[in-house]
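The residues making up each chain are set out below.
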Amino acid sequence: PGLRGITEGDERVIRSPLPGKVISITVTKGQVLEPGDEICVLESMKMEQSVRMAKGGMVKNIKIKEAQNLNAGTPMIELQ
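Rules used in this analysis
Residues numbered from 1 in each chain as written. Predicted model: local features only at pLDDT ≥ 70, side-chain atom pairs only at ≥ 80, totals over all residues. Heavy atoms only, no water. Pairing = 2+ DSSP bridges. Helix = DSSP H or I, 4+ residues; strand = E, 2+ residues; numbered from the N terminus.

K.L.:
Honestly, the sheet that holds strand β5 (residues 38-44) in this entry has me stumped. Any pointers?
P.N.:
Sheet strands associate in pairs through backbone hydrogen bonding, adopting either a parallel or an antiparallel arrangement. One open sheet holds the five strands; their spatial order is β1-β6-β5-β3-β8, and the pairing between them is mixed. At either end of the open sheet lies a strand with only one pairing partner, and these are β1 (3-4) and β8 (69-70). Note: β5 against strand β6 (residues 47-52), six bridges, orientation antiparallel. Bridge assignment links Glu38 to a residue of β6, and that residue is Arg52.

In structure tokens:
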């Protein structure tokens, strides 16, 4: 269960699939992620949504912060 982060082609940036507020970030820089691993939890329309990896990779950079408001398509993490 959960939403998948958006990727475009072979792009190494995972983007927010919906607008919302970041409740928690569950990844750390350097962490190796598999498809289905949770990236963060977003609150959207008063519901919490788990955002998960669509593909695997190592976290190079985290581009979001807790309590940050995101638009759909906002970059969340960059993969190596």
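K.L.:
Can you help me understand the sheet that holds strand β4 (residues 32-33) in this one?
P.N.:
With antiparallel pairing, four strands are arranged side by side in an open sheet as β2-β9-β7-β4. The outermost strands of the open sheet, each flanked by one partner alone, are β2 (13-15) and β4. Relative to strand β7 (residues 57-62), β4 is paired through two bridges, and the arrangement is antiparallel. Residue Leu33 lies in a different strand from β7, and its bridge partner there is Gly57.

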